[in-house]
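Chain by chain, the residues:
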Amino acid sequence: MQKQWIRFRTIECVAGKEIIDWLMKNQRAAVASEAKLLCQCFLNELYLEPVVLPQTSFIEFKGDQTLYKLGKHGLERDPPVDTSPFRSGSIISTTSNDSTNTDTYQQKIARSTGVLIGTDLNCVQFNSQVANTVQDDTTSVSSKKETSDFNMPIDGNEQVEETDGNSTNKQTLPGDLIAALYNEYEELLLKQILIQFHVDQEWFSIILNICRTLAKRVRVSSVTNDSTPNNDIRRNVKFKKLPGGLKTESQIINGCVFTKNVIHRSMSSKLDGPRVLLLKSQIEYQRSDDHRLTTLEPVLNQEQHYLSSYVDKINLHYKPDILVVEKTVSRLAQDFIIANGLVLIYNVKESIMQRLAKCLCTTILTSIDSRLPLHVRPPLGRCEYFEIKEFELNNSYKKRLMFFAGCPPEYGCTVLIRGGTLQQLKVVKSIMRLFLLITYSTQLEQAFLNDCYAQIINNQTDLSLIRQFDLEQYIDSVVTNKQAIIDLISNGLVLSTSPYVRYNSPHILTCTNQQYLPNELLYQNIYNTKYQQRKENSVSSNDDDNHIKDANSYSWFYNSPYNNEIIHVQDKHPFIKDKTLLPGINQDTKAVYAHYRASGGRCHFRRRRWYDWLTLYQQQQPRDQPLETIFAPYLDLRLHLHIAILYSAHCTVQTKLLTCRQPEILEMPAYSIHDTTLGSFLEQHCFSTNNAPCKTCQQPLQDHVRQIVHGEMKLVIRIKHIDRTTSNLQKLSTSNGIYMWSYCEHCRESSAKRLMSARTWSLSFTKFLELLFHLESFCVSSTRSCQHHLFRDHYHYFHSQQFIASFRLFKIKLKEFFLPTPTMSLKPYVHERDYYIELTKTLSVNGYNIFSTIVERLIELKNLTSMPEFFISKIDQYLAQERLEQQTFRALMDEIQLKMTAGSSKEQKRQLDADSYVCIDDQIVEAKKFITKIVQNWNTTLLELEQFIKKYEKQQREASKKVPIKSVSSGEPNTEIGSSMQNDSEISTILETAPTPLLPPTTSIDIDETNLETGPKSILTTDEETSRRSGVLKFFSTFLPTSDNDSLQLKSPFSEDEHLQLSGKYVVNHRELSSIIAHALSMSEYEQRLNEEFALTNNINQEQNIEIKQSDDSSTTTTTTTTNNNSIDDHQHIELHFHDSTTKFTVKIFYAAKFHVLRQIISSTLDQTAYIRSLSRCKKWQPRGGKSKSEFWQTFDDCFVLKDLNQKESDSFSTFAPSYIDYISNSLKYHRPTTLTKIFGVYHIQYRHNGTGENFKRDILVLENLLNHPNISIPPVIYDLKGSMRNRLATVDEGQTNAVLLDENFLTQTQENPFYVRLHTKWTLMKALYSDTQFLAKHGIVDYSLLVSCYNDEQQSLVYVGIIDYIRTYTWDKKMETILKSMSGQGQSPTVISPDHYRTRFLRRMDQYFPVVPDEWHAYEKKVLDLSVFQTETMSTNVTTNELPPQ
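Values in this document were obtained by computation on a predicted structure and should not be read as measured data.

Some words on the overall build of the protein chain
And step 1. When its secondary structure is counted, the protein chain shows 42 helices and 46 strands.
And step 2. The long-range share in the protein chain, meaning contacts at least 24 apart out of those at least 6 apart in sequence, stands at 73%.
And step 3. As displayed, the protein chain has an accessible area near 72,700 Å², and 49% of this comes from carbon and sulfur atoms.

Following this line, the structure appears as structure tokens:
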């Protein structure tokens, strides 16, 4: 009402149609009938009266051109202000002087007119809906939900409040606390801003009062005349800098002020209540080309007549006091205007014309010739006064300003800033503009919180921290490190315009996965670079500073490359040189003189080149350079006036969820053209039925779910169509307003429904999202005190017409990606303690059983009858040998047990480290090989003894046939038989050559083989001799009967697949291929061959360098290089052979030296024992989900995977391997991220088993295991992603946990919960993928995929990625596969395509699979982490800066 009274007082009479239009335009009435009824109430209560009173007793309001003026009550109820707000010569106090409530008087009006009028027309209610409506008692809201996703109660008695949040009689205690909180926060914020910009604190009260006054006076319309968003209050306020004067002379002018002067001194420089006409067209006479042949006098007469009539037309039809023309006015027209007593202002900028039109509440007339109809009011503007004032500046200059003051303040104001130099006032102006936006935004936020029934949970904690924060003292003592930055952000540095909005520290400061990020992003500098330099060079004088400022002011001139060419001085003209020449003497001198006059003098100004450069320079410079604070950009408050969101939408009507709008990043600066208001968003994007359907699914926009993700929160917006007749919303008014309320999912109660206020409607959607995502310490206090969070625990509903929009926040888990580790620290794989104890027991029992069996065999042989004495003596020596070997074995087992246990049995067992278990493992292998050699040697000995017995018995039988049998006493020896045996050279040879059992080197028994009587001699044979002799004996033993042969033979307690006869630290098992590789790499022959290759390579490289430098003959150089390259190729691979008694092995190590160096770089050590030990044991591994027919093995420590290569893959990698090794080595050397799974070696394995006849040949690739994460106990979800949609759906059995899923499975599972990542995570991933795929495409590699293993728990979500299967090149068979699948007609591109196209598709899909979630630091980080550089030419970017999309 106060604004309306001011308007009526300023304008003497107003047409009825204009009053109706004004009420509807300012949302005081929804339709014309409602506005007309409201005006009828004004007439009945004498607030209005017609200028011409009718003769009838009842006065009916007419919405036409009937004029009305203020009535009796309207003049009496003038607002109590000291001076008119239209004429403000000084700063107006920000104290609210609103009139007191007149509830009794309003109730009287309601009873008589049927309409209840609020205090400032914010609340207009009809008597049928308010006055006669009985207040319903508030009861608890039922927790019944219509749908689980919408979660809105559909029955129960909710409280409905028809008034909006701005009604003064509804001001509650929480609202007062919020207002006091915001006022205090504004003051604290302004103090920090002044400190950051180095501004005197004397400006504090001036800026605070001016901005608060402007925020209350100026009204901001959401849409301008050209239908563009205009919710920035600063567009309606002009700040004018006037150097000099006092700070207290700064003032607010309700109107327009600009630099201009009247064209003639006779024109008045001051007018009260002038009528102003704004004209766009020029006032001059356009002469045509037809007048060139006529005399000048008629043309001048025509011009005079035209301009005279033109000015008369303006004066008679419009009768203005001031004429403002945007373009030029001819001199003759100016004379006519002066003669008519008008004030003329011309050549006015278009922006000033627009401001004048807004402040004067008029329109700009395009032309006088287009006459308006008689019933249309002339477009004249009104203001309280017009004046031209002259101000004195600092440099004794004077400046004249033109004032159109006394206009309605809601349409625009001008602020005159005085009290300093021009440079100081520029800083003050920037601060004032910033703080005005902050003040305006805080008022809208307060209205929004009041409409939400917000209540502060704790109003002391956060502000007390800001109060205690001393920024000036902190600046001098701050240290530029990570912890200092975290402390600065958390201890009270204000970064938001809202008091309870708190920003977390940048995640980069706290995360550990930042090894590939650029240094400039790591927030190392707190101060601005220029401020840091200024701080270091603070000893410079003021004169030097002034000189620098002056130089900077004209830097555009000094930077020009054409300064020396601007003015060109020519030589003197001959007419000047020759003083004898006089003009007009003869024809020649006349020509010389004419040429002198036409040449224009000696100085020529070369405008073109210099002005072209100046135009280009000005275009490159920013028009309005931002003012820099003392802090770095990421600590600048203005950076956080933006919000970046990830916006997406999908349809809910389709049976299959369809992503209608792919996730894209939208950057929305608050109160800008890329922003919108909360009410406008709801009306245009939620409740509008005029929008076109979705282009993807052809469904209305209301059938879509919108998701807005920011930080670690996700906002889900759902829209539901309701039937008002059947729902509990039928009590709400049918007006065009928006009702809002909230529902707590914990308390299961909803707040009262309230009509959205005009200020809440005007709240920036950017600030609304900021409050949703970051607001703290607020709860809802409507029906009862709910202590749950205002936004995180509540559904917020907005209702208009037939739609309800639901807003709900959800917590999300951001994925933390990890690339393959650049270095590997291999730890030895050890079993549990009980395993070694049990293995030692089993080994000990088997060993002692072997020795017991040996003793049994020897005793059986010794107890044979009719054996010679020397044979029995030999058996006794064998028994002694067995005892020594058994003692050796016992000592070895005791040493193993001693290492596993310590102290007495009563003491606690000692905890062993990994190295101790490795030593135990090696000793167990040594014990197993010892037992194997014992069995082998004793089997040979027992076999020879058995042969000796058979031969001896045969000779006995032959001797018994030749010699007669004589009775011999039992005590006498049979000398004949003994002598025959001693003389038998064949039997003697068998025993003499019989091998003896194996003993350790420290134990030996001297046995004379030549003299069998003295006993056998222990001989330690080599492994080759033993295997050769045992092999020969086994060959002959095959001809013996099986039953006899097995009677004395010892059986090995170990598996037949283990080749324990081979020397070395590791056990070779031909079923475990990695053990064969480990044995080959541990051979001394391999080390010798490797050193030879290194030496050969170094010599060849040195020779090549010498040849290139010294040789002048190109052919010689080419021949030498070719020869050396051939020699290098011949020595790149190392082939090793080894065998035992049953199997012959061959291992070929491809690119042995190169892979050896690569493994050294990866392991950061020269010793590769850990790598070899890891390969010593492996097991069969069957990955699920892959279509490859290759076989896989996995080492026991899960560090490596062995893959079988087919012939094509092996041939492809043979040419690809050297480049791959160089690429990985350079990536590790220069710390470049890479996702390629590291290859540790390629080997060809071949063996042939003599016993079974098995012949095995394979090419084996050793890779790192991307699924090896021993510290994580939860099972992962594994995806194999190629970026293709053709046959990329894996069938998963119910209950299966280790399945490998494909692309279609990934899209289905991540449609509503995508793999959200942070910007720096996505940047690192895309940088690695971009360089890796570029390398693979260069070498023709296709059909690779990204292996993704995701580990989800309650605290975090970890994702490990790596490119696998990058061995296959794009050969002719792959090309044929591409052509055939392209012709199949399935509508999808084949999986395998050309390398470049495969790379483009792969990168595009990976970019879509992992959307970036921006946070509060996104605006700063994106300047360093630019994702667009990792996109190929055919990829489309998903980062835009457009306004909110329609769906």
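Some words on unusual backbone geometry
Excluding glycine, residues mostly carry a negative phi; peptide bonds, for their part, are mostly trans.
And step 1. In this structure, Lys-319 is a non-glycine residue whose phi angle is positive, near 55°.
And step 2. Phi at Tyr-1151 takes a positive value of approximately 45°, unusual for a residue other than glycine.
And step 3. Residue position: Tyr-1151 is located in the loop between strand 36 (1143-1150) and helix 35 (1152-1163).
And step 4. On the basis of relative accessible area, Tyr-1151 is assigned to the buried category, the value being 8%.

Digging into helix 39 (residues 1319-1338)
And step 1. End to end, helix 39 covers 28 Å across 20 residues, agreeing with the expected 28 Å (1.5 Å per residue, within 8%).
And step 2. Taken across its 20 residues, helix 39 has 15 buried, putting it largely inside the fold.
And step 3. Just beyond helix 39, the residue with positive phi is Gly-1340, at close to 70°.

Notes on the sheet that holds strand 2 (residues 48-50)
Through backbone hydrogen bonds, the strands of a sheet pair up, either in parallel or in antiparallel fashion.
And step 1. Ordered in space as 1-3-2, the 3 strands form an open sheet in which the pairing is antiparallel. The open sheet terminates on both sides in strands that have one partner only, identified here as strand 1 (14-15) and strand 2.
And step 2. Note: strand 2 against strand 3 (residues 67-70), 3 bridges, orientation antiparallel. In the strand pairing of strand 3, Glu-49 is matched with Lys-69.

Some points on the pairing of strand 24 (residues 713-721)
And step 1. Judged by how many residues are buried, strand 24 sits mostly within the fold: 7 of 9 residues are covered.
And step 2. Judged from the 5 bridges that link them, strand 23 (residues 704-710) and strand 24 form a sheet pairing that is antiparallel. The partner of Val-709 across the bridge, within strand 24, is Lys-714.
And step 3. Between the end of strand 23 and the start of strand 24, which pair antiparallel, lie 2 residues, with Gly-711 showing a positive phi angle near 65°.
And step 4. Sheet topology places strand 24 next to strand 31 (residues 803-811); 9 bridges connect them, and they run antiparallel. Bridging across to strand 31, Lys-720 finds its partner in Ile-804.

A look at the pattern of salt bridges
And step 1. The tally for this structure, following the rule as stated, stands at 38 salt bridges.
And step 2. In this structure, Glu-1058 engages Lys-928 in a salt bridge whose closest nitrogen and oxygen atoms are separated by 3.4 Å. Pair noted here: Glu-1058 is in strand 33 (residues 1058-1059) and Lys-928 is in helix 27 (residues 914-962), with a separation of 130 residues, a long-range link.
And step 3. On the accessibility criterion, Glu-1058 (22% relative accessible area) is partly exposed.
And step 4. Overall, the relative accessible area of 14% leaves Lys-928 in the buried class.
And step 5. We note a salt bridge from Glu-1254 to Arg-1071, for which the minimum N-O separation is 3.2 Å. Taken as a pair, Glu-1254 in the loop between strand 40 (1239-1249) and strand 41 (1255-1264) and Arg-1071 in the loop between strand 34 (1068-1069) and helix 32 (1073-1081) lie far apart in primary sequence, 183 residues in all.
And step 6. What emerges from the salt-bridge pattern is a single network uniting Glu-712, Lys-811, Glu-816 and Arg-1318.

Looking at the sheet that holds strand 10 (residues 270-272)
And step 1. Spatial ordering of the open sheet is given by 9-16-15-10, a layout of 4 strands whose pairing is antiparallel. Each end of this open sheet is capped by a strand with a single partner; those strands are strand 9 (255-258) and strand 10. Each adjacent strand pair in this sheet contributes to an overall mean axis angle of 25°, direction not counted.
And step 2. Relative to strand 16 (residues 398-405), strand 15 (residues 385-392) runs antiparallel, the two being bridged by 8 bridges. Each residue of the ladder has a partner; that of Phe-386, found in strand 16, is Phe-404.

Regarding the side chain of Ser-1212
And step 1. In this structure, Ser-1212 sits in helix 37 (residues 1207-1229).
And step 2. Not counting residues within four places of it along the chain, the set of residues in contact with Ser-1212 comprises Ile-1367, Arg-1368 and Thr-1369.

Description of the pairing of strand 45 (residues 1357-1364)
And step 1. Strand 45 sits mainly inside the fold: 8 of its 8 residues count as buried.
And step 2. What you see with strand 45 is no split at all: Ser-1357, Val-1359, Val-1361 and Ile-1363 on one side and Leu-1358, Tyr-1360, Gly-1362 and Ile-1364 on the other are buried throughout.
And step 3. Alignment of strand 32 (residues 816-818) against strand 45, held across 3 bridges, turns out to be parallel. Paired with Phe-818 across the bridge in strand 45 is Tyr-1360.
And step 4. As defined by bridge partners, strand 44 (residues 1345-1352) adjoins strand 45 across 8 bridges and the pair is classed as antiparallel. Within the sheet, the bridge partner assigned to Tyr-1351 lies in strand 45 and is Leu-1358.

Some words on a nonpolar patch on the surface
And step 1. Taken together, the side chains of Val-51, Val-52 and Leu-67 define a hydrophobic patch exposed on the protein surface, amounting to about 260 Å² of accessible area.
And step 2. In this structure, Leu-67 sits in strand 3.
And step 3. Leu-67 sits in the partly exposed class, given a relative accessible area of 36%.

The rules behind these values
- Residues numbered from 1 in each chain as written.
- Predicted model: local features only at pLDDT ≥ 70, side-chain atom pairs only at ≥ 80, totals over all residues.
- Heavy atoms only, no water.
- Helix = DSSP H or I, 4+ residues; strand = E, 2+ residues; numbered from the N terminus.
- Contact = heavy atoms within 4.5 Å.
- Areas by Shrake-Rupley, 256 points an atom, 1.4 Å probe, with all protein chains shown as cover.
- Buried < 20%, exposed > 50% of the residue type's maximum accessible area, 1.4 Å probe, protein only.
- Expected span 1.5 Å × (residues − 1).
- Pairing = 2+ DSSP bridges.
- Salt bridge = Lys/Arg side-chain N within 4 Å of Asp/Glu carboxyl O.
- Axes fitted to C-alpha atoms, helices over the stretch in contact; angles between N-to-C directions.
- Patch = residues over 30% accessible without salt bridge, like charges linked within 9 Å, V, L, I, M, F, W, Y side chains within 5 Å.

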